[in-house]
Every structure is written in structure tokens, then in C-alpha cells.
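Coordinates in review
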There are 2 protein chains.
Amino acid sequence: METPDVWKEFSGNVITHSGAHHLLAILELTNERGYARVTDIARSLEITTGSASTNLKSLKGKGLVQEDENRFLSLSAEGRKLAEAIIKRRTTLIKFFTKVLEVSPEQAEIDACKTEHLLSPETTLKMDQFIASKA
Amino acid sequence: METPDVWKEFSGNVITHSGAHHLLAILELTNERGYARVTDIARSLEITTGSASTNLKSLKGKGLVQEDENRFLSLSAEGRKLAEAIIKRRTTLIKFFTKVLEVSPEQAEIDACKTEHLLSPETTLKMDQFIASKA
DNA sequence: TGCAAATGTTTGACATACCTAACTCCAAAT
DNA sequence: ATTTGGAGTTAGGTATGTCAAACATTTGCA
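Note that the structure is a prediction, hence the values are computed from the model and not measured.

Focus on the interface of chain A and chain B
Counting residues at the interface gives 45 residues for chain A, matched by 45 residues for chain B. Counting each side, the surface lost to burial between chain A and chain B is near 4200 Å², with a carbon and sulfur contribution of 61%. Put simply, the parts of the chain that give the side of chain A that touches chain B at least two residues each are helix 1 (17–33), helix 2 (38–45), helix 4 (77–100), helix 5 (105–115) and helix 6 (121–134) of chain A. In terms of residues, the side of chain A that touches chain B owes the most to one element, helix 5 of chain A, which gives 7 residues. Of the residues belonging to the side of chain A that touches chain B, the class tally is 19 nonpolar, 12 polar and 14 charged.

Laid out in C-alpha cells, this is it:
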């Protein structure tokens, strides 16, 4: 058995775990309260505003996050698409883990959180279809 | 909906992606040829011996890897346990993705590789049981 | 035995992704 | 107008993980 040369693809991920959660925070904050500033995101993620500022700058650089003249942050079309995909994946994963595999809700949430930004669209789709076929 | 404070647990992982693959390489190489040196591991992972040397030093520091007087590397009891757990997880994941979800083998391998070191024992176990119950 | 090839380590440079702490900037209240 | 506090950035530090290149060591063979 050969160690597959797939292993390095890990680095080529679209988004990091941290990055994903910044996007999700923006989406949730804007949905809940209508806006998201650096501070709001930092509070939501329980990190310092310094970290949030730096992290968000890089997301802006990637064209996933936008900032208006009043420093309100929002997701770009691409960012929104990505965030929604991740949320969908998390939902699917949690449902799958708890309903199908009967994993405890706590562990399901942790596992989903760790893998939600890594799983391919194909696998997520198939997982969805599987759940649907059982319902 | 609140962003769960679970998200930071990502950093508290037992092992990194890269670290995991170094362990797996040692296990596979020793199984296949009876030994694993820095060079062998570097070749197997397609990184320079410099990188391998540094990375392995840190794994030695964590007590996962040992070195004998001839510079042959091996896994400690703990390292072996960890490596075997990861391999088992990968096997389970691939089987699950391809057999149950009918994901393509290529994508299954990539997804398994990305998550094999992140999934909890509980979820892996449940996944195993699920496969068994269907067989 | 002696030299060349293989092996391994270290160093210095980069890139990413975090953090904290210190600083700037601005706006509102007194 | 001055102070105070909220908001945000920057600077400096840690940790990983990668590389190339200089160096040391070991091995093996001619």
C-alpha cells in the first residue's frame, strides 16, 4: 500500500477552519441584527478584535468579504455562496451523524464543525440524498 | 442561532494533518520493508529530507516516534496506537463513502484523507457499526 | 584505504494562521 | 473642549510547515 500523494492537497483548501467561521459569523450576524462589524465578529467568535481585523483583511483580499464606507462588513456573492455551502454541509453532517449513525448530539456538533469546510460537494450531496432516501 | 463555541476546539487536535501522515508513512514503510529512515519518509511523502527531519524531531518530542542507534525510526506504543486509529478511520471513511454513499473512489480518498485525523472515535465507531449492520 | 555517494541535520528564508498588547481614531457626553 | 470609551489597525510574538543550501556523518565499493 502506497501513501497516496493526495495528502498534500490538504493545503489547497478553499478556506481555513477559522476563515469559514468568520464567514459564518458575518452571515449570522447580518441575518440576526442586520449588520456585522469587526467587533461584532470578534465577540461572536470569542477572539480579539485584532485577530478578527487581520483575519477579515485576508478574507477581503480573497474577495469573500466586503466593507462599506461605514465599516460594515458583508459577504460578497462568492463569500455568501461559500458560507451557505458550509452551513448546508454542517446541517447535513449533524443530521447524518445523529439520525443515521446515532452519534451523540455533542460529538456530532464537534465532528461536523471540524469537517464542514473540508468535505467535498460530491460527498455532501450524496449524504443528502442518502438522508432523503431514508426519510 | 448562535455560532457554537465549539469552533476553537479545532486547534486542540491531537495531531496535525502533516504529523498524521508522517506517522502513517513510518507504519507503512516498516510494514513493507522493515525499516523507515528519514530519507524513506521524505521520499514517501514527497518532501525534502530537511522538512522530514524537522517534522520528525517534533514527533519525537511528543513521544510518538522513536529512533534507534542506527537511525531507524519506529513508532512508540502511543504513536502506533494513534497511527492505527487513523488508518482505521481512513479505511472506514473510504468504505463508507464509496459503498454506502456511492461517492467516486477518487473523491472518497481525498475526503477521507482530509478528515481521517479529525473525526472522533465515537463517530468512527458508529460508522463502522453502520457498515457492519448493512453487510 | 580512501573517496564518492547517500544520509541526515541545521540554518535562514517564506508563507500561513493564530494570538496579545499597544496604539490611533473618532464620536458622544458632560 | 476635554475626557472617556468604543472601534479598528498595526506591531511583535508563537507555531507549523515548507524549501534550498551548507554542513556533517556514514556507508559502501573500487
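Let us keep going from here.
Overview of the protein's contact with DNA strand C
Looking at DNA strand C, there are 17 residues lining it, with S18, T48 and S51 of chain A together with T39 and R71 of chain B nearest. Sugar and phosphate atoms constitute 82% of the interface atoms of DNA strand C, taking the interface as everything within 4 Å of the protein. The separation between a phosphate oxygen of DNA strand C and a polar side-chain atom of K57 of chain B is 3.1 Å. In the environment of DNA strand C, a sugar or linking oxygen lies 2.7 Å from a nitrogen or oxygen atom belonging to the side chain of R71 of chain B.

Concerning the packing of helix 4 (residues 77–100) of chain B against helix 6 (residues 121–134) of chain B
Residues and elements named next belong to chain B. Their axes nearest at 10 Å, the elements helix 4 and helix 6 cross at an angle of 45°. Between helix 4 and helix 6, the interaxial angle falls into the category oblique. Considering only the axes of helix 4 and helix 6, their crossing is left-handed. For the pair helix 4 and helix 6, contact is made by K88, R89, T92, L93, K95, F96 and V100 and by P121, T124, M127, D128, F130 and I131, respectively. By residue class, the composition of the contact of helix 4 with helix 6 is 7 nonpolar, 2 polar and 4 charged.

Some points on the relation of the copies chain A and chain B
Of the transformation placing chain A onto chain B, the axial shift is 0.1 Å and the rotation is 180°, giving an RMSD of 0.2 Å. These values place the two chain copies in the arrangement generated by a two-fold rotation axis. Measuring from the rotation axis to each C-alpha of chain A, the shortest distance belongs to T115 of chain A, at 3.2 Å. Counting the interface residues of chain A, we find that 100% of their copies in chain B are interface residues as well, pointing to one common contact surface.

Digging into the domain arrangement of chain A
Residues and elements named next belong to chain A. Domain boundaries in chain A define domain 1 (15–80) and domain 2 (81–134). Measuring from the centre of the C-alpha atoms in domain 1 to the corresponding centre in domain 2 gives 23 Å. With 15 residues of domain 1 in contact, the opposing surface of domain 2 contributes 11 residues. When domain 1 packs against domain 2, the two sides together hide about 1000 Å² of surface, and 66% of this comes from carbon and sulfur.

Conventions used here
Residues numbered from 1 in each chain as written. Chains lettered and ligands numbered in written order. Predicted model: local features only at pLDDT ≥ 70, side-chain atom pairs only at ≥ 80, totals over all residues. Heavy atoms only, no water. Contact = heavy atoms within 4.5 Å. Buried area = accessible area lost by both parts, 1.4 Å probe. Helix = DSSP H or I, 4+ residues; strand = E, 2+ residues; numbered from the N terminus. Nonpolar A, V, L, I, M, F, W, Y, C, P; charged D, E, K, R; others polar. Near = heavy atom within 4 Å. Polar contact = N/O pair within 3.5 Å; in protein donor to acceptor, adjacent residues only side chain to side chain. Axes fitted to C-alpha atoms, helices over the stretch in contact; angles between N-to-C directions. Parallel < 35°, antiparallel > 145°, perpendicular 65-115°, else oblique. Left-handed = near helix turned anticlockwise from the far one by under 90°. Least-squares fit on C-alpha atoms with pLDDT ≥ 70 in both. Domains from an automatic or database assignment.

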